[in-house]
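# Breakdown of the fold
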Amino acid sequence: PHLAMSLSSTSLRAFTKLRIISGVALPASALAPVGSSAMTLSPALGALPSGSAAAQHPRHANLSAIRLRMKSIQSIGKITKAMKMVAAAKLRTVQGLREQAKPFATTVSEFFSILDDAPSAPAGTGEEGAVVGKTMLLPLSSDRGLCGGVNNNVVKEVKRSSATMDPTFVLGQSNPPFDLVLVGDKARDALTRVLGKGIVLSFKDVFRAPVSFSQVCVIAEDVLQLKPGNLIVVYNKFKSVISQEVTQGKVHGLDKMMFNAALFDEYEFESDLDSQQVFLDLYEFQLAAQLFGACLENSTSEQAARMSAMDNASRNSADMLSRLTLSYNRQRQSVITSELIEIISGAEALKEAK
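Everything numeric here is computed off the predicted structure, so don't read it as measured data.

## Describing the overall build of the protein
Scanning the protein from N- to C-terminus turns up nine helices and five strands. Ordered by position from N to C terminus, the α and β elements of the protein give α-α-α-α-β-α-β-α-β-α-β-β-α-α. Of all 354 residues assigned to the protein, the portion counted as buried reaches 38%. A separation threshold of at least 6 residues defines the contact pool for the protein, and within that pool the share at least 24 residues apart is 73%.

Have a look at this one:
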């Protein structure tokens, strides 16, 4: 019974019990016949208080490192699960707004689609002889990360467009063939180095709250002050929770609309304003409506991508935790087995000493 009691506790204290019960003072040399010296055996037996030499054994240190690693992964898993739930709630909200606004944005886009095949205004002049502005790119991105590749895809599309517009253009070495208006911090951080000379305006914190039409109108007013030519909005179009497609939405310039005013003769406009002011109002309305639809599409894609990314992160953390738990249990069992063998060896040495 005394031997069983001693074997049940793994540490140097258990070995000390054997010495006390037997009444024999075991010298260090008594352990030599079992193939271990006193110097190598003593540290392995101890689960001594922290700070002692025995507590610093590599096996115990390795177990402590695994425990810390497991705790950190558990914490990360809790964070990713919480972020997934938050993204899912935001996705439901912005997806509802997108479904409500989609008929409005689609109808406006179809109405102005008659300009797609229309000829452009003569080069060099636009409304009232003013110089026609450069083509403007307006990429939409998020202000926060952890949302998959939606922002990176938009940046890649902008770089691809620059090469298409001007094959001689070299990123970061010459002026881009277009003006650049950035919405979101992520696009600004990625494009400042290679297309910084073309950035004329940037916005941030647009998607912190659900996008509203009045908020988009403020952006549209600032864009109109730059008097762009054609405007190309680069954004992520929402397909499903796991699929988003980078899309370019084109807004025809005011000069092209004025030059092809005859195409709108079949429509009757009830207004006391002259035709020029009517077309100006139509252009502003077209820009705000299409920009509003693109912002909702991009915001929905962002939340869907973030929810999917956090779900994948939660699954990965669970897999890592499972593997670490298995490794921890194996090493812990190995330590216990080693200590039991050492205690039994000590008991055998005591018998031989008697």
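There's more to say after this.
## Concerning the pairing of strand E3 (residues 199–203)
With four bridges joining them, strand E2 (residues 179–183) and E3 adopt parallel strand pairing. Of the residues in E3, the one forming a bridge with Leu182 is Ser202.

## Here we look at the sheet that holds strand E5 (residues 243–251)
With mixed pairing, the five strands of this open sheet are ordered in space as E3-E2-E1-E4-E5. Each edge of the open sheet is held by one strand with a lone partner, namely E3 and E5. On average, each strand axis in the sheet is tilted by 20° relative to the strand beside it, whichever way the strands run. When strand E4 (residues 231–240) meets E5, the two strands line up antiparallel, connected through nine bridges. Looking at E5, one finds that Lys237 is bridged to Glu245.

## Focus on the packing of aromatic side chains
Under the defined criterion, the tally for this structure stands at seven aromatic pairs. With 6.1 Å between their ring centres and 85° between their planes, Phe104 and Phe213 make a pair best called edge-to-face. Residue Phe104 is located in helix H4 (residues 58–111), and its partner Phe213 is located in helix H7 (residues 213–224); the two are separated by 109 residues in the primary sequence. Overall, the relative accessible area of 32% leaves Phe104 in the partly exposed class. With a relative accessible area of 31%, Phe213 lands in the partly exposed category. Judged by centre distance (5.8 Å) and plane angle (75°), the rings of Phe104 and Phe285 are edge-to-face. Taken together, the positions of Phe104 in helix H4 and Phe285 in helix H9 (residues 275–353) put the pair 181 residues apart, joining distant regions of the chain. Take Phe285: its relative accessible area is 37%, and that puts it in the partly exposed class. By the ring-pair criterion, three or more aromatic residues cluster together here, those being Phe104, Phe213, Phe285 and Phe292.

## Section: unusual backbone geometry
At Leu146, a residue that is not glycine, the phi angle is positive and equals roughly 55°. For Leu146, the position within the fold is in the loop between strand E1 (136–139) and helix H5 (150–165). Of note, the phi angle at Asp205 is positive, near 60°, even though the residue is not glycine. Relative to the helices and strands, Asp205 is located in the loop between E3 and H7.

## What about the pattern of salt bridges?
According to the stated counting rule, one finds 10 salt bridges in the structure shown. Between Asp179 and Lys134 there is a salt bridge; the shortest N-O distance is 3.8 Å. Here the residue Asp179 occupies a position in strand E2, and Lys134 occupies one in the loop between H4 and E1, the gap between them amounting to 45 residues. A residue is classified by how much of its surface remains accessible, and Lys134, at 40% relative accessible area, is partly exposed. Where Asp205 meets Arg208, a salt bridge forms, and the shortest distance between an N and an O atom there is 3.1 Å. On the basis of relative accessibility, which here comes to 36%, the residue Asp205 falls in the partly exposed class. Judged by relative accessible area, which is 49%, Arg208 ranks as partly exposed.

## What about the nonpolar core?
Core analysis: the largest hydrophobic core is formed by 39 residues, its most contacted members being Leu138, Leu140, Val223, Leu231 and Met257. Elements with a minimum of two residues in this core: H4, E1, E2, H7, E4, helix H8 (254–259) and H9. Broken down by element, the residue count for this core peaks at 12 residues, all from H9. Counting 13 residues, the second largest nonpolar core, distinct from the first, contains Val155, Phe178, Val194 and Leu195.

## Some words on H7
An ideal rise of 1.5 Å per residue puts 16 Å on 12 residues; H7 measures up with 16 Å between its terminal C-alpha atoms. Listed as buried for H7 are Val216, Ile219, Ala220, Val223 and Leu224. Buried residues along H7 cover an arc of 135° about the axis, so they all sit on one side. In H7, the exposed positions that point more than 90 degrees away from the buried face belong to Ser214 and Glu221. Turning to H7, the residues buried within the fold contact E1, E2, E3, E4 and H9.

## Some thoughts on the packing of H7 against H9
Running from N to C, H7 and H9 point in directions that differ by 125°, and their axes come no closer than 9 Å. The angle between H7 and H9 places the two elements in the oblique class. The element H7 and its partner H9 pack so that their crossing is right-handed. Contacts between H7 and H9 involve Phe213, Val216, Cys217, Ile219, Ala220, Val223 and Leu224 from the first element and Tyr283, Glu284, Leu287, Ala288, Ala289, Leu291, Phe292 and Cys295 from the second. Partitioned by chemical class, the residues of the contact of H7 with H9 number 14 nonpolar, no polar and one charged.

Cut-offs and rules
Residues numbered from 1 in each chain as written. Predicted model: local features only at pLDDT ≥ 70, side-chain atom pairs only at ≥ 80, totals over all residues. Heavy atoms only, no water. Helix = DSSP H or I, 4+ residues; strand = E, 2+ residues; numbered from the N terminus. Buried < 20%, exposed > 50% of the residue type's maximum accessible area, 1.4 Å probe, protein only. Contact = heavy atoms within 4.5 Å. Pairing = 2+ DSSP bridges. Axes fitted to C-alpha atoms, helices over the stretch in contact; angles between N-to-C directions. Phe/Tyr/Trp six-rings, centres within 6.5 Å; stacked < 30°, edge-to-face > 60°. Salt bridge = Lys/Arg side-chain N within 4 Å of Asp/Glu carboxyl O. Core = buried A, V, L, I, M, F, W, Y, C linked by side-chain atoms within 4.5 Å. Expected span 1.5 Å × (residues − 1). Arc of directions from axis to C-beta. Parallel < 35°, antiparallel > 145°, perpendicular 65-115°, else oblique. Left-handed = near helix turned anticlockwise from the far one by under 90°. Nonpolar A, V, L, I, M, F, W, Y, C, P; charged D, E, K, R; others polar.

Just distances and angles here, no functional claims.
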